[in-house]
Amino acid sequence: MFQKSKWIRLPRNVAVGHGVLDEVVDVVDDLHLQGRPLFVTSPTPREVAADPIAEDFEAAGIDPAVVTIESATFDSVEKVIEVAEAEEVSYLVGIGGGKAIDIAKMASHHLSMGFLSIPTAASHDGIVSNRGSVPDGDTRHSVAAEPPLAVVADTTVLAEAPWELTTAGCADIISNYTAVMDWRLAKRLKNVEYSEYAAALSEMTAEILVDNADLIRPGLEESSWVVTKALMSSGVAMSIAGSSRPASGAEHLFSHQLDRLEPNAALHGHQVGVGSIMTAYLHGGEKGFWTDIRDALDSIDAPTTATELGIDDETVLEALTSCHEIRDRYTILGDGMNEEAARDVATKTGVIS
Ligand SMILES: NC(=O)C1=CN([C@@H]2O[C@H](COP(=O)(O)OP(=O)(O)OC[C@H]3O[C@@H](n4cnc5c(N)ncnc54)[C@H](OP(=O)(O)O)[C@@H]3O)[C@@H](O)[C@H]2O)C=CC1
Ligand SMILES: O=C(CO)COP(=O)(O)O
Ligand SMILES: [Zn+2]
């Protein structure tokens, strides 16, 4: 007897393009959201977007509360929950990079409140996903979170953000290739839950981005358009899967471990991109597959070496040999690499010299 069932929660409204930051109040109106919002933001996005959006709300007779967070931690989630309760808000608006949006979606989940996602950087694929990513001691949690009711992605704002944020978003997408390979491997070896649709969407998203690499250039609003659509598509793949599996494999374990060993050394997307070169090599795949990943990263100005990440070779090796312990997620790393093997892959792929 067929007994499978599933909920897939996706945004109802997606406003993307030139100047849509001016339409946030209209989006809220269209969703029939009542009461006071809490803006969850971080220092730079507050200046770039949260303060101007607050002025629009005030002009419409709505007084938003604002909380600024500095890091993607459970303490930040707690802080947001406390402010939301104290300020008696009705819904949350995450305004910023991956950090602010993750914290807002996790706090919304806890509070059972609606949430809007307003990215100020095309730097990560958590814009629409229903997961939050939080370091916690030796481990890294992928936490169930509230998917946004709506996304407002202004390509003017995204194009004006520092270029490396956009290249980080591209690298987060390019890493989908190896994430899906890890997922298929885990399906074959460990019978983990797997969605062919989510996997195909994730791969297709990476494919379209790489095919359009020529359009991705600094300061071009069209680049933000191409990258943001890919980031949202990748987030939809995660929401369909009900897990970050379509977009997070061993290359993400490597990045999460770097976050522990060298906090804030490099952007999330850049770290997963370099990780992806090495895990593509480990998968063997078709000859030249890892060089395709490296060349795709190179073509959009994303780092391909430890030096370009600003991380020393020994830290790369430590991350490679220990990152399988970060979480219970089967990948090409299996039960871990020894140091010799790690040095071999990192050297042969040119990540370390
Ligand atoms: N839930 C999910 O599915 C996913 C979650 N993630 C998570 O997202 C995070 C990575 O995202 P990322 O965006 O790189 O990290 P951050 O949110 O830390 O943003 C990176 C930097 O960009 C700055 N910034 C943001 N917008 C602008 C702008 N318009 N102009 C100038 N600077 C700006 C931030 O400023 P400031 O320092 O002031 O904040 C910060 O310094 C990680 O925590 C990662 O785990 C990533 C992918 C998927
Ligand atoms: O970064 C992600 C997808 O790009 C998801 O993060 P996790 O590895 O924490 O699930
Ligand atoms: Zn990622």
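- Looking at an unreviewed UniProt entry, the chain carries the name Glycerol-1-phosphate dehydrogenase [NAD(P)+], with the source organism given as Natronobacterium texcoconense.
- The Sequence similarities (unreviewed entry) field of the UniProt record for the chain holds the comment "Belongs to the glycerol-1-phosphate dehydrogenase family."
- For the record of the chain, the UniProt heading Pathway (unreviewed entry) holds the text "Membrane lipid metabolism; glycerophospholipid metabolism."

Regarding the overall build of the chain
- The helix and strand inventory of the chain stands at 15 helices and 8 strands.
- For 353 residues, the compact-globule estimate of 2.2 N^0.38 gives 20 Å, and the chain sits close to it at 20 Å.
- Projected onto its principal axes, the C-alpha coordinates of the chain cover approximately 65 × 55 × 35 Å.
- Considering the chain as a whole, with its 353 residues, one finds that 56% of them fall into the buried category.
- Taking all contacts inside the chain whose residues are at least 6 apart in sequence as the whole, residues at least 24 apart take part in 75%.
- With the model as given, the accessible surface of the chain reaches about 14900 Å², and the carbon-plus-sulfur share is 48%.
- Charged side chains in the chain number 25 positive and 55 negative. The centres of these two groups are separated by 9 Å.

Some remarks on empty space enclosed by the protein
- Applying the stated criterion across every chain yields a total of 1 cavity of 30 Å³ or more.
- In this structure, the largest cavity occupies an estimated 40 Å³ of space.
- The wall of the largest cavity is formed by Ile174, Leu209, Val210, Ala213, Ile216, Ala296, Ser299 and Ile300.
- Sorting the residues of the lining of the largest cavity by element identifies helix H8 (196-211) and helix H12 (289-299) as the ones contributing at least two each.
- Partitioned by chemical class, the residues of the lining of the largest cavity number 7 nonpolar, 1 polar and no charged.

Describing the site of ligand 2
- Around ligand 2, the structure places Asp125, Ser133, Ser142, Asp172, Met238, Ser244, Ala247, Ser248, His252, His256, His268 and Arg327.
- His256 is positioned with one of its side-chain polar atoms (N or O) 2.7 Å from an oxygen atom of ligand 2.
- Because more than half of its atoms lie within 2 Å of the grid, ligand 2 is assigned to the largest pocket.
- In terms of residue class, the shell around ligand 2 is built from 2 nonpolar, 7 polar and 3 charged.
- Residues lining the shell around ligand 2 come from more than one domain, with at least three contributed by each of domain 1 (13-160) and domain 2 (163-348).

Side note on the sheet that holds strand S4 (residues 91-96)
- Here we have 6 strands laid out as an open sheet, ordered S1-S8-S5-S4-S2-S3, and parallel in their pairing. The open sheet terminates on both sides in strands that have one partner only, identified here as strand S1 (13-17) and strand S3 (65-68). Here the strands of the sheet are splayed against their neighbours by 15° on average, with no regard to which way each runs.
- One ladder, built from 6 bridges, connects S4 with strand S5 (residues 114-119); its direction is parallel. The residue of S5 that forms the bridge with Ile95 is Ile118.
- Running over the sheet, helix H3 (residues 74-87) touches strand S2 (37-41), S3 and S4 and is turned about 165° from S3.

Some thoughts on the pairing of strand S6 (residues 131-136)
- With 6 bridges connecting them, S6 and strand S7 (residues 139-144) associate as antiparallel partners. What sits directly across from Ser133, in S7, is Ser142.
- Hairpin remark: S6 followed by S7, antiparallel, with 2 residues in the connecting loop; positive phi at Gly137, about 60°.

Quick word on the packing of helix H7 (residues 176-190) against helix H11 (residues 268-283)
- In the contact formed by H7 and H11, the axes pass within 9 Å of each other and the chain directions differ by 40°. In terms of orientation, H7 and H11 fall into the oblique class. The element H7 and its partner H11 pack so that their crossing is left-handed. In this structure, H7 uses Thr178, Met181, Asp182 and Leu185 to contact H11, whose residues at the interface are Ser276, Thr279, Ala280 and His283.
- Across the contact of H7 with H11, the residue classes break down as 3 nonpolar, 4 polar and 1 charged.

Here's the deal with the UniProt feature "binding site: Zn(2+)" (unreviewed entry) in the chain
- The feature "binding site: Zn(2+)" (unreviewed entry), as given by UniProt, occupies Asp172, His252 and His268 in the numbering adopted here. Spanning 97 residues, the named residues form one tight spatial group whose C-alpha atoms are at most 9.1 Å apart. Considering only the residues just annotated, the largest pocket is lined by Asp172, His252 and His268.
- Mapped onto the elements, Asp172 comes out in helix H6 (residues 163-174).

Details of the layout of surface pockets
- In this structure, the largest pocket occupies an estimated 1400 Å³ of space.
- In terms of lining residues, the largest pocket is bounded by 50 residues, among which Gly97, Gly98, Lys99, Leu267 and His268 are the most central.
- Of all the secondary-structure elements, those providing two or more residues to the lining of the largest pocket are helix H2 (43-59), helix H4 (98-111), S6, S7, helix H5 (155-160), H6, helix H10 (250-261) and H11.
- Two domains each put at least three residues into the lining of the largest pocket: domain 1 (13-160) and domain 2 (163-348).

Description of the nonpolar core
- Core analysis: the largest hydrophobic core is formed by 30 residues, its most contacted members being Ile174, Leu209, Ile216, Val227, Ile293, Leu297 and Ile300.
- Of all the secondary-structure elements, those providing two or more residues to this core are strand S8 (150-154), H6, H8, helix H9 (221-241), H11 and H12.
- Structurally, this core is a two-domain feature, drawing no fewer than three residues from each of domain 1 (13-160) and domain 2 (163-348).
- Setting aside its immediate chain neighbours within four residues, Ile293 contacts Ile174, Tyr177, Ser276, Ile277 and Ala280.

Definitions and cut-offs
Residues numbered from 1 in each chain as written. Chains lettered and ligands numbered in written order. Predicted model: local features only at pLDDT ≥ 70, side-chain atom pairs only at ≥ 80, totals over all residues. Heavy atoms only, no water. UniProt positions renumbered as here; feature names shortened; annotations may be inferred. Helix = DSSP H or I, 4+ residues; strand = E, 2+ residues; numbered from the N terminus. Rg over C-alpha atoms; globule rule 2.2 N^0.38 Å. Buried < 20%, exposed > 50% of the residue type's maximum accessible area, 1.4 Å probe, protein only. Contact = heavy atoms within 4.5 Å. Areas by Shrake-Rupley, 256 points an atom, 1.4 Å probe, with all protein chains shown as cover. Lys, Arg positive; Asp, Glu negative; His and termini not counted. Charge placed at Lys NZ, Arg CZ, Asp CG, Glu CD. 1 Å grid on protein atoms, 1.4 Å probe; cavity = no way out; pocket = protein on both sides within 12 Å on 5 of 7 lines; lining within 4 Å. Points joined across faces, edges and corners; volume = space filled by probe spheres on them. Nonpolar A, V, L, I, M, F, W, Y, C, P; charged D, E, K, R; others polar. Near = heavy atom within 4 Å. Polar contact = N/O pair within 3.5 Å; in protein donor to acceptor, adjacent residues only side chain to side chain. Sits in = over half its atoms within 2 Å of the grid points. Domains from an automatic or database assignment. Pairing = 2+ DSSP bridges. Axes fitted to C-alpha atoms, helices over the stretch in contact; angles between N-to-C directions. Parallel < 35°, antiparallel > 145°, perpendicular 65-115°, else oblique. Left-handed = near helix turned anticlockwise from the far one by under 90°. Core = buried A, V, L, I, M, F, W, Y, C linked by side-chain atoms within 4.5 Å.

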